[in-house]
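# Working through the structure, step by step
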Amino acid sequence: MNGLKLAACKEGQERTCFTVGNLCVGRDFLLIAGPCSVESEAQIMEAAKWAKAAGANVLRGGIFKPRMSPYSFRGLGREGLELLAKAGKEVGLPIITEVTDTRDVEFVAKNADFIQIGARNMQNFSLLEEVGKVNRPVLLKRGMTATLEEFLNSAEYILSSDNPRVILCERGIRTFEPYTRNTLDLSAVPALKALTHLPIIVDPSHATGRRELVLPMSLAAVAAGCDGLEIEMHPTPEKALSDAEQQLTGEELVKLAEKVKKAVEFRENL
Ligand code: PEP
Ligand code: MN
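For the structure given in this document, a descriptive report is provided here. Quick caveat: nothing in here was measured; it's all calculated off a predicted structure. (Residues numbered from 1 in each chain as written. Chains lettered and ligands numbered in written order. Predicted model: local features only at pLDDT ≥ 70, side-chain atom pairs only at ≥ 80, totals over all residues. Heavy atoms only, no water.)

The next point concerns the pattern of salt bridges. Between side chains of opposite charge, a pair can form as their charged atoms come close. Counted according to the given criterion, the structure contains 13 salt bridges. As a salt-bridge pair, Asp 203 and Lys 141 come within 2.6 Å of each other at their nearest N and O atoms. Taken together, the residues Asp 203 in the loop between strand E9 (200-202) and helix H7 (204-208) and Lys 141 in strand E7 (residues 138-141) connect sequence positions 62 residues apart. When the shortest N-O distance is used, the salt bridge between Glu 170 and Arg 142 registers 2.8 Å. On the criterion of sequence distance, the pair formed by Glu 170 in strand E8 (residues 166-170) and Arg 142 in the loop between E7 and helix H5 (148-160) is long-range, its members being 28 residues apart. Each of Arg 60, Lys 141, Asp 203, Glu 230 and Glu 232 takes part in salt bridges that share partners, so that together they form one network. (Salt bridge = Lys/Arg side-chain N within 4 Å of Asp/Glu carboxyl O. Helix = DSSP H or I, 4+ residues; strand = E, 2+ residues; numbered from the N terminus.)

By nearness alone, every residue bordering ligand 1 is listed as Arg 60, Lys 65, Glu 98, Gln 116, Gly 118, Ala 119, Arg 120, Lys 141, Arg 171 and His 206. Calculation on ligand 1 without its partners gives an accessible area of 290 Å², and the protein chains cover 97% of this total. The class makeup of the residues in the shell around ligand 1 is one nonpolar, three polar and six charged. (Near = heavy atom within 4 Å. Areas by Shrake-Rupley, 256 points an atom, 1.4 Å probe, with all protein chains shown as cover. Nonpolar A, V, L, I, M, F, W, Y, C, P; charged D, E, K, R; others polar.)

Looking at the metal site, the manganese ion (ligand 2) is ligated by Cys 36 (SG), His 206 (NE2), Glu 232 (OE) and Asp 243 (OD), spaced 2.0 to 2.4 Å from it. All donors to the manganese ion (ligand 2) come from one chain, and their sequence spacing reads C-x169-H-x25-E-x10-D. Remark: Glu 232 occurs in strand E10 (residues 228-232) and His 206 occurs in helix H7; sequence separation between them is 26 residues. Of the residues examined, His 206 reaches a relative accessible area of 9% and is grouped as buried. (Donors = N, O, S within 2.8 Å, 3.2 Å for Na, K, Ca; no water. Buried < 20%, exposed > 50% of the residue type's maximum accessible area, 1.4 Å probe, protein only.)

It is worth spelling out the packing of aromatic side chains at this point. Here the structure, examined in full by the defined rule, presents one aromatic pair. Judged by centre distance (4.4 Å) and plane angle (25 degrees), the rings of Phe 125 and Tyr 157 are stacked. With Phe 125 in helix H4 (residues 125-132) and Tyr 157 in helix H5, this pair connects stretches of sequence that are 32 residues apart. The partly exposed category is assigned to Phe 125, whose relative accessible area is 32%. (Phe/Tyr/Trp six-rings, centres within 6.5 Å; stacked < 30°, edge-to-face > 60°.)

Let us look at the side chain of Ser 37. Position of Ser 37 among the secondary structure elements: in the loop between strand E3 (30-34) and helix H1 (41-54). Overall, the relative accessible area of 0% leaves Ser 37 in the buried class. Within polar-contact distance, the side chain of Ser 37 engages the side chain of Ser 242 at 2.7 Å. Setting aside chain neighbours within four positions, we find Ser 37 in contact with Gln 43, Gly 62, Lys 65, Phe 73 and Ser 242. (Polar contact = N/O pair within 3.5 Å; in protein donor to acceptor, adjacent residues only side chain to side chain. Contact = heavy atoms within 4.5 Å.)

Across soluble globular proteins, nonpolar side chains show a tendency to be buried alongside one another. Among the nonpolar cores identified, the biggest contains 70 residues, and Leu 140, Leu 168 and Leu 229 are the most heavily contacted of them. If sequence neighbours within four positions are ignored, Leu 168 has contacts with Leu 139, Leu 140, Phe 151, Leu 152, Ala 155, Leu 192, Thr 196, Leu 198, Pro 199, Ile 200 and Ile 201. Phe 18, Val 20, Val 58 and Ile 96 belong to the second largest nonpolar core, which has 13 residues in total. (Core = buried A, V, L, I, M, F, W, Y, C linked by side-chain atoms within 4.5 Å.)

By the element assignment, Asp 227 lies in the loop between helix H8 (211-224) and E10. Here Lys 193 takes part through its side chain, which lies 3.0 Å from a polar atom of the side chain of Asp 227. When neighbours within four sequence positions are excluded, Asp 227 is seen to be in contact with Gly 26, Asp 28, Phe 29, Leu 30, Lys 193, Pro 199, Ile 200 and Ile 201.

The next thing to look at is H5. Compared with an ideal rise of 1.5 Å per residue, which puts 13 residues at 18 Å, H5 spans 18 Å between its outermost C-alpha atoms and is within 8% of the ideal. Considered for burial, the residues of H5 that qualify are Leu 148, Phe 151, Leu 152, Ser 154, Ala 155, Glu 156, Ile 158 and Leu 159. Those residues of H5 hidden inside the fold are in contact with H4, E7, E8 and helix H6 (188-195). Phi for Asp 162, located one or two positions after H5, is positive at around 90 degrees. (Expected span 1.5 Å × (residues − 1).)

Further remarks concern the packing of H1 against helix H9 (residues 250-268). For the pair H1 and H9, the least separation of the axes is 8 Å and the interaxial angle reads 20 degrees. Taken together, the axes of H1 and H9 lie roughly parallel to each other. As for how H1 packs across H9, the hand of that crossing is right-handed. Here Trp 50, Ala 51 and Ala 54 of H1 lie close against H9, whose contacting residues are Gly 250, Glu 251, Leu 253, Val 254 and Ala 257. Of the residues assigned to the contact of H1 with H9, the class counts are six nonpolar, one polar and one charged. (Axes fitted to C-alpha atoms, helices over the stretch in contact; angles between N-to-C directions. Parallel < 35°, antiparallel > 145°, perpendicular 65-115°, else oblique. Left-handed = near helix turned anticlockwise from the far one by under 90°.)

Function cannot be read off these values alone, since they describe shape.
Below, the structure written as structure tokens:
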């Protein structure tokens, strides 16, 4: 692939690893868990406790929600980040949240440990340049119709703006199949491993949109060689204000984390 001055894997180059607190991204298996959206203090606190109990190493929660309809719940905004930060502190987990607007980048960078760029903004080049200027790791999600070349070029925007801490996330692409929300492109994991030195994680929640498919696709993603997973989990999924069908319960997250841990150990001994 041409033009990838910084994202491409050069011969003999080591894979990118960086530390955030006690966590070494790219070496330790990353398990990001938490609700689709921060909804209330009680909800995010409860979710944080489950994430910690499951052994997740990052707590997620959306505050700026990109929704298809302007009338859907669009997140608590800046106030939501205060709640997420409080919950993360309470259980001792770093936090991640999505930023959708260049005007919020500084605020999110100041209050979150990781910044997420969502699929819908993968090619929002001014946003990519803005998160490239702050001193926070960025989780870049693959656009729903993006090729791997486009995906890597988006990472290049962040890297070339002087932020070397980029994590890629495969979250499914849009196909003709309506049964699942998207189609998880698992071949992207080994393909990206060969093309780039950046860590690659998988989000089976948005990829499938179906709770019962999250565990099998998590295990498949581990087998494909991913460096981590991002899983949506809600204390009471049926009451969730967004993505109710795909969020796991706390108990389901704990079970998933146990199996994923075994699968990672198994993979290491293959
Ligand atoms: C999310 O992770 O909250 C999200 C909206 O995912 P995506 O951008 O992959 O659709
Ligand atoms: Mn969601």
